[in-house]
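Structural features, examined
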Amino acid sequence: QVDLWQPSSPLHIVEGAVTDVRVPQNTTRSLLPFLQQANIQYTILISDLQEAIENQTGGRSHRNRRSLSEYNYEVYHSLEEIEDWMHYLNRTSSDLVHMFSVGKSYEGRPLYVLKLGKRSRPYKKAVWIDCGIHAREWIGPAFCQWFVKEALQTYQTDPDMRKMLTQLYFYVMPVFNVDGYRFSWTNDRFWRKTRSKNMRFHCHGVDANRNWKVKWCDEGASLHPCDDTYCGPFPESEPEVKAVAHFLRKHRKQIKAYLSFHAYAQMLLYPYSYKYATIPNFNCVELAAYNAVNALQSAYGVRYRYGPASSTLYVSSGSSMDWAYKNGIPYAFAFELRDTGHFGFLLPETLIKPTCTETMLAVKNITLHLLKKCH
């Protein structure tokens, strides 16, 4: 009897597929002969998972991470550090940054968003960017912070960035699932869901990317509260989802692109997730995706697959991307950042910079595409 853990939903594990398992160190010796006997191919990706986790969460002094004027964008930051950083930018870059909250999480934490852009005219088109909808995908919040840093640092020198911030607003939400993200730092590095309580099953959390009111709790989502892909008791049951959905609904005429950052798989996905069908503005979206992955690849040669989420990744219902598209946002994308599975959710801090650098090229490419007419 070995307690195996896998990060993929059991719904997507089929014969011949590859999945990750986490095993207690003291059972590894007895497990390997069993795998060999059963003719199951295996590769040890990380020999000491606990050590890899501790390398990311501890070891460095808090002062190093927290020096806001010299903020280190090449390490992972706790929720408290990210919120301090947001407050700092709100104070020191008020010409381009405005910080506000769209609501509160289940545990009562503010849901902060940074509005970036030059206040050049009262009405401007906008791009929404969110990261960290799944708690354990730490490279997401790292990218959101990187994006803000690049916008502020290159606004004066980069004509493209100047054009973007002059003609558009960017709403950037560095940590969508604040309760889950904090829990992934304090209790369980591999936590995915929100932290709402289910009294009947004594399980915590809902998959915040299965909780949106678009084909809710259909294929690719689970009705069981203990599952990683639990869709929740009803659509928008999670205060985090409800707050963001309310904001997006209110600004739907202004927001022209929705970008959500996940990990891992190296993919750029667009609707639909919940069905195999072609979106009406397929040509424009497909062209934007094609150009974006080529721009991304130009940095380090890293290849991203792109296409509709249902056929490129798997079918899933109740996703934020499908909801955004269905609610009138014409360009809706979900990025699955590095890598393809070796480190998975434990992407080393040494890879933050290259991952964010290449992703920045893709995001700029999509944004500049928005500013052109696409027929």
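Structure report, in brief. (Residues numbered from 1 in each chain as written. Predicted model: local features only at pLDDT ≥ 70, side-chain atom pairs only at ≥ 80, totals over all residues. Heavy atoms only, no water.)

Turning our eyes to something else, we now look at the overall build of the chain. Of the regular secondary structure elements, the chain holds twelve helices and ten strands. For a compact globule of 375 residues, the expected C-alpha radius of gyration is about 21 Å, and the chain comes in at 20 Å, within 12% of that figure. Dimensions of the chain, computed from C-alpha atoms along their principal axes, come out at roughly 65 × 50 × 45 Å. With 375 residues in all, the chain has 55% of them scored as buried. Here the analysis covers contacts within the chain between residues at least 6 apart in sequence; of these, 72% occur between residues at least 24 apart. As displayed, the chain has an accessible area near 17,500 Å², and 49% of this comes from carbon and sulfur atoms. When the 44 positive and 35 negative side-chain charges of the chain are each reduced to one mean point, those points stand 9 Å apart. (Helix = DSSP H or I, 4+ residues; strand = E, 2+ residues; numbered from the N terminus. Rg over C-alpha atoms; globule rule 2.2 N^0.38 Å. Buried < 20%, exposed > 50% of the residue type's maximum accessible area, 1.4 Å probe, protein only. Contact = heavy atoms within 4.5 Å. Areas by Shrake-Rupley, 256 points an atom, 1.4 Å probe, with all protein chains shown as cover. Lys, Arg positive; Asp, Glu negative; His and termini not counted. Charge placed at Lys NZ, Arg CZ, Asp CG, Glu CD.)

Our next topic: the nonpolar core. Counting 107 residues, the largest nonpolar core has Trp128, Ile129, Phe170 and Phe333 as its most contacted members. If we ignore the near neighbours within four places in the chain, the residues touching Trp128 are Val113, Tyr171, Met173, Val244, Phe247, Leu248, Ile255, Ala257, Tyr258 and Leu259. (Core = buried A, V, L, I, M, F, W, Y, C linked by side-chain atoms within 4.5 Å.)

Under the definition given, this model contains 24 aromatic pairs. Centroid distance Tyr270 to Phe282: 6.3 Å. Interplanar angle 65°. Geometry classified as edge-to-face. Residue Tyr270 is found in strand 8 (residues 267-270), and its partner Phe282 is found in helix 9 (residues 282-300); the two are separated by twelve residues along the sequence. Its guanidinium or amino end placed over the ring of Tyr169, Lys124 lies 4.3 Å from that ring's centre, counting from NZ or CZ. In this structure, Lys149 is placed above the aromatic ring of Trp146, and the distance from its NZ or CZ to the ring centre is 3.8 Å. (Phe/Tyr/Trp six-rings, centres within 6.5 Å; stacked < 30°, edge-to-face > 60°. Lys NZ or Arg CZ within 6 Å of the ring centre and 35° of its normal.)

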